[in-house]
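# Chains, contacts and geometry: an overview
Below, each chain spelled out in residue letters.
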Amino acid sequence: MADPRSAGAPTVLRVVLGKRLQDLREKAGLSFEQAAAALDVTHATIRRMEKAEVGLKLPYVEKLLATYGVTDEEEIEGFVSLAREANKPGWWHRFRDVLPEWFSAFVSLESEANLIRAYQPHYVPGLLQTEGYAAAVLKAGMPHASAKDIDRIVALRMERQSLLTRNHAPMLWVVMDETVLRRPIGGPKVMRDQVSRLMEATALPNVRLQIMPFAAGPHPAMYGPFHIFRFPIPELPDIAYAESLVGAVYFDQRNDVSQFLEALDRMCAQAAPAHTTEAILGGFRKEI
């Protein structure tokens, strides 16, 4: 069994393994209750394993494989090895003191995606922020956080950005509202540095940035920001992510994700073309 880029994200690997376990169970013609009986657990535990809501205990994995009729030693060993890898903490685990559990899943998805699309109406996306801009945004959004915690979250955000310049870097395609450039954050120098950073990013072959001008009028996603992740792993569907003040929602059902994709496609057609972005940003920088 091939390891789909297993050096990456445990959460993503658990999703892959969960889907494979589901496929094996269904091919064996077993119900949740029958699979649960083999482990002496509740059917809810099997459901949670298949939905990647819990870690995969290796004895459970081995027992389920036997129950589902998997007898090939190489296939079993490959599956168990992948489960072992999936249970390891990701690189971001050392930031767990400041990283909410609901957002660790985002970092995992981001790390494994080969295409990241986003709409951002409020501020520059984290993958394109400067340290000064990130600190100013976080201080405004987390007024009760300590300076140490802010510094830790900024450090995490800066480390996340390394994925844009790694080997096999993902494509990042962002539609950003003009509001983002008009809203002063951190003072003139911070804003100038941030706009310069965006201009540098547009030169990267794997970054496409479009500005949605006020003059374009209303558009399909005026309700708020979101991300869409696409993966090079067959078992993983596109996943959409929408955030709130207290958490986030992840959508993986085709009908749900297709609505996000359609909205973003319409917005890309409505926004200023990507080849004009550098000139637009240069104009804004002169105004700061």
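Since this is a predicted model, take the numbers as computed values, not measurements. (Residues numbered from 1 in each chain as written. Predicted model: local features only at pLDDT ≥ 70, side-chain atom pairs only at ≥ 80, totals over all residues. Heavy atoms only, no water.)

## Looking at the UniProt feature "domain: HTH cro/C1-type" (unreviewed entry) in the protein
The feature "domain: HTH cro/C1-type" (unreviewed entry), as given by UniProt, occupies residues 21-76 in the numbering adopted here. Measuring from the first to the last C-alpha atom of residues 21-76 gives 12 Å, for a span that is 68% helix and 0% strand. (UniProt positions renumbered as here; feature names shortened; annotations may be inferred. Helix = DSSP H or I, 4+ residues; strand = E, 2+ residues; numbered from the N terminus.)

## Some details on the sheet that holds strand S6 (residues 248-251)
In space, the six strands of this open sheet follow the order S3-S2-S1-S4-S5-S6, with mixed pairing throughout. Strands at the two margins of the open sheet, each flanked by one partner only, are strand S3 (207-212) and S6. Going from strand to strand, the sheet's axes swing by 15 degrees on average, the running direction of each strand aside. Both strand S4 (residues 226-230) and strand S5 (residues 239-243) contribute to a ladder of three bridges, which runs antiparallel. Its bridge partner being in S5, Phe229 is matched across the sheet by Ile239. (Pairing = 2+ DSSP bridges. Axes fitted to C-alpha atoms, helices over the stretch in contact; angles between N-to-C directions.)

## Re a negative patch on the surface
On the surface, a cluster of negative charge is made up of Glu62, Asp72, Glu73, Glu74, Glu75 and Glu77. Within the secondary structure layout, Glu62 lies in helix H4 (residues 58-67). (Patch = residues over 30% accessible without salt bridge, like charges linked within 9 Å, V, L, I, M, F, W, Y side chains within 5 Å. Areas by Shrake-Rupley, 256 points an atom, 1.4 Å probe, with all protein chains shown as cover. Salt bridge = Lys/Arg side-chain N within 4 Å of Asp/Glu carboxyl O. Lys, Arg positive; Asp, Glu negative; His and termini not counted. Charge placed at Lys NZ, Arg CZ, Asp CG, Glu CD.)

## Structural notes on the packing of helix H2 (residues 32-39) against helix H3 (residues 43-50)
Where H2 meets H3, the axes come as close as 8 Å, and the angle between the chain directions of the two elements is 100 degrees. On the basis of their axis angle, the class for H2 and H3 is roughly perpendicular. Each of Phe32, Glu33, Ala35, Ala36 and Leu39 in H2 lies in contact with H3, whose residues at this interface are His43, Ile46, Arg47, Met49 and Glu50. Considered class by class, the residues forming the contact of H2 with H3 number six nonpolar, one polar and three charged. (Parallel < 35°, antiparallel > 145°, perpendicular 65-115°, else oblique. Contact = heavy atoms within 4.5 Å. Nonpolar A, V, L, I, M, F, W, Y, C, P; charged D, E, K, R; others polar.)

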